[in-house]
Amino acid sequence: MTKASEGQPIWPKYAWLDGSIVEWGSAKVHVFVHGLHYGTGVFEGIRGYYDSGAIKIFRLEDHMKRLFRSAKMIHMEIPYTVEQLIEATRELISVNGFRSDIYIRPIAFRGLGSFGLRARNPVNVAIIAIEFGKYLKPDGIRCMVSSWRKPSGDSFPVETKATANYLLYHLSSLEAAEHGFDEAILLDAEGYVSEGAGENIFIVREGRLITPPVYGSILEGITRDTVTRVAREMLGVEVIERRIRRAELYIADEIFLTGTAAEIVPVIEVDGRTIGTGKPGELTRKIQAIYHQIVVGKVEMFRSWVTEVPIA
Ligand SMILES: Cc1ncc(COP(=O)(O)O)c(C=O)c1O
């Protein structure tokens, strides 16, 4: 089964590499960079929405701050500031003149130098922005529990958005596709529900939202935080952070995944069990609708999360 995002993207004119805007075709590094060989890199995934003559970037500063936190966790110093990378992102979007929704990918990785495992090679930084539509089907997806587990935090820094971590999501996502599912759900090392292969997970039981805690081997998702705040502050819905057992997925009233790329995606089936009525749940739909308003700055209380780049 193909994801909505698959297929050949349309490349933009420019990328940003190590301090400069460069032609797309010139945004290159050497094949011997450390990051390519050992996964010594960190990245972010950010969305920009084309609306009213501008690209509206959602929670840009929060994403850039997480990039720096991820880097710190793996002993990497990014040779720029958060503010410089924000400015570079604005410039990149402006010169590309996008007139559609986009995905922004800042990435920092160890570059050329020694190939030793303890090498602290200079860090290259790039920002890529491409046109991007839907990632998963917003009308409901079918999931399987992956045979791949999330390691615990003492085996691997699971909370960092490091390139190395994504081999696990690549494998679990491929496994799900091979079995005819849209997405994989991973359990943690103790067998509790952790997250999707690129999304956090929420279940609904008796009108309350439940999501795995930060110690459940999850990435602390920015969309997860957005949903938590919407539920608590706008809808008056209780959000409980606690471990979720695998079988609880099967009996949930509603399930949805959250992520920058995926946005809010209803899960209508897990391991062959229909979730709720088999259609996106009412609370899921409500949160999904509010989310789409928030990301384009139409909800006053969360307006500061949106950075606008006017397109000439
Ligand atoms: C493993 C994983 N979990 C969760 C998320 C969701 O995070 P966010 O909402 O910050 O995009 C992502 C996507 O970035 C991810 O790759």
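Draft legend 1. Local environment of the layout of surface pockets. Considered as a void within the structure, the second largest pocket measures approximately 280 Å³ in volume. Along the walls of the second largest pocket sit 16 residues, with Val29, Ile107, Phe109, Ala126 and Ile128 positioned nearest its centre. The set of elements that each furnish at least two residues to the lining of the second largest pocket consists of β1 (14-17), α1 (34-38), β6 (102-110) and β7 (123-131). Of all the elements, β1 adds the most residues to the lining of the second largest pocket, at three residues. Taken together, the residues of the lining of the second largest pocket sort by class into 12 nonpolar, three polar and one charged.

Draft legend 2. Region of interest: the site of the ligand. Residues in contact with the ligand amount to 15 residues; listed here are only the nearest, Tyr166, Glu195, Ile222, Thr223 and Thr260. Between isoleucine 222 and the ligand, the recorded distance is 2.7 Å, taken from a backbone N or O atom to an oxygen atom. At 2.6 Å, a side-chain N or O of threonine 260 approaches an oxygen atom of the ligand. Starting from 380 Å² of accessible surface for the ligand in isolation, the protein chains cover 96%. Listing elements by their share of the shell around the ligand, those giving two or more residues are α4 (166-178), α5 (222-234) and β14 (254-259). In the shell around the ligand, the residues fall into four nonpolar, seven polar and four charged.

What counts and how
- Residues numbered from 1 in each chain as written.
- Predicted model: local features only at pLDDT ≥ 70, side-chain atom pairs only at ≥ 80, totals over all residues.
- Heavy atoms only, no water.
- 1 Å grid on protein atoms, 1.4 Å probe; cavity = no way out; pocket = protein on both sides within 12 Å on 5 of 7 lines; lining within 4 Å.
- Points joined across faces, edges and corners; volume = space filled by probe spheres on them.
- Helix = DSSP H or I, 4+ residues; strand = E, 2+ residues; numbered from the N terminus.
- Nonpolar A, V, L, I, M, F, W, Y, C, P; charged D, E, K, R; others polar.
- Near = heavy atom within 4 Å.
- Polar contact = N/O pair within 3.5 Å; in protein donor to acceptor, adjacent residues only side chain to side chain.
- Areas by Shrake-Rupley, 256 points an atom, 1.4 Å probe, with all protein chains shown as cover.

Such coordinate-based values are descriptive only and should not be taken to indicate function.
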